[in-house]
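Residue-level structure breakdown
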Amino acid sequence: MSLLIVFTTVGNEADARRLAEIALTQKLTACVHIDSIESLYEWQGAMVNEHEWRLAFKTDAAHCTMLQSVLAENHPYDIPAIYAISAEHVATPFAQWLGRTLCE
């Protein structure tokens with residue numbers, strides 16, 4: 001089982017919790033971390049500095065595509081950053097828990 005971590009950001013805590021709950025309810029993730037962050041980026045020709053909420057969804061390859069689709073469908077941003085990275089050297093007990101949680 002390969003662990004993938006899917007990331008996205010939103011502008012407020014309520015949207016972060018809403019996306020996390022949708023993914024958890026649909027069994028597309030086993031766990032979601034929500035962090036308060038500061039983001040700097042260019043948008044429509046202007047430099048933006050905003051407070052955002054970063055979500056890290058722990059999932060596997062079998063659920064990743066559906067998770068990304070569900071996030072895109074429910075995301076408040078016009079062009080949301082939704083991407084996955086692969087985790088290496090995952091502790092066996094955690095990987096087993098993740099697999100059981102996603103298959104329940």
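Here the structure is shown first, and the text comes after it.
Note that the coordinates shown come from a computational prediction; the quantities given were computed from them, not determined experimentally. (Residues numbered from 1 in each chain as written. Predicted model: local features only at pLDDT ≥ 70, side-chain atom pairs only at ≥ 80, totals over all residues. Heavy atoms only, no water.)

Here the focus is the overall build of the chain. Helix and strand content of the chain: three helices and four strands. Reading the secondary structure of the chain in the N-to-C direction produces β-α-β-β-α-β-α. In terms of C-alpha radius of gyration, the chain reaches 14 Å, essentially the compact-globule figure of 13 Å for 104 residues. In terms of principal-axis extent, the alpha carbons of the chain reach across some 45 × 25 × 20 Å. By the burial criterion, 38% of the 104 residues in the chain qualify as buried. (Helix = DSSP H or I, 4+ residues; strand = E, 2+ residues; numbered from the N terminus. Rg over C-alpha atoms; globule rule 2.2 N^0.38 Å. Buried < 20%, exposed > 50% of the residue type's maximum accessible area, 1.4 Å probe, protein only.)

For helix H2 (residues 61–74), spanning 14 residues, the distance from its first C-alpha to its last is 21 Å, which sits close to the expected 20 Å at 1.5 Å a residue. Listed as buried for H2 are His63, Cys64, Leu67, Val70 and Leu71. Around the axis of H2, the buried residues are gathered within 140 degrees of arc, so they sit on the same side. Opposite the buried face of H2, at more than 90 degrees from it, the exposed residues are Thr65 and Glu73. Each element contacted by the buried residues of H2 is listed here: strand E1 (3–10), helix H1 (13–25), strand E3 (46–60), strand E4 (83–87) and helix H3 (92–103). (Expected span 1.5 Å × (residues − 1). Arc of directions from axis to C-beta. Contact = heavy atoms within 4.5 Å.)

Further remarks concern the pairing of E3. Bridge count between E1 and E3: eight bridges; the pairing is antiparallel. Residue pairing across strands places Leu4 opposite Thr59, the latter belonging to E3. Bridge count between strand E2 (residues 31–43) and E3: 13 bridges; the pairing is antiparallel. Its bridge partner being in E3, Ile37 is matched across the sheet by Glu52. (Pairing = 2+ DSSP bridges.)

What follows deals with the packing of aromatic side chains. One pass over the full model with this rule turns up two aromatic pairs. Arranged with centres 5.6 Å apart and planes meeting at 25 degrees, the rings of Phe7 and Tyr83 form a pair that is stacked. Separated by 76 residues along the polypeptide, Phe7 in strand E1 and Tyr83 in strand E4 bring together distant segments of the chain. Ring centres of Phe94 and Trp97 lie 5.5 Å apart, and the angle between their planes is 40 degrees; on these two criteria the pair is classed as tilted. Residue Phe94 and its partner Trp97 are located together in helix H3, separated by three residues, close to a single helical turn. (Phe/Tyr/Trp six-rings, centres within 6.5 Å; stacked < 30°, edge-to-face > 60°.)

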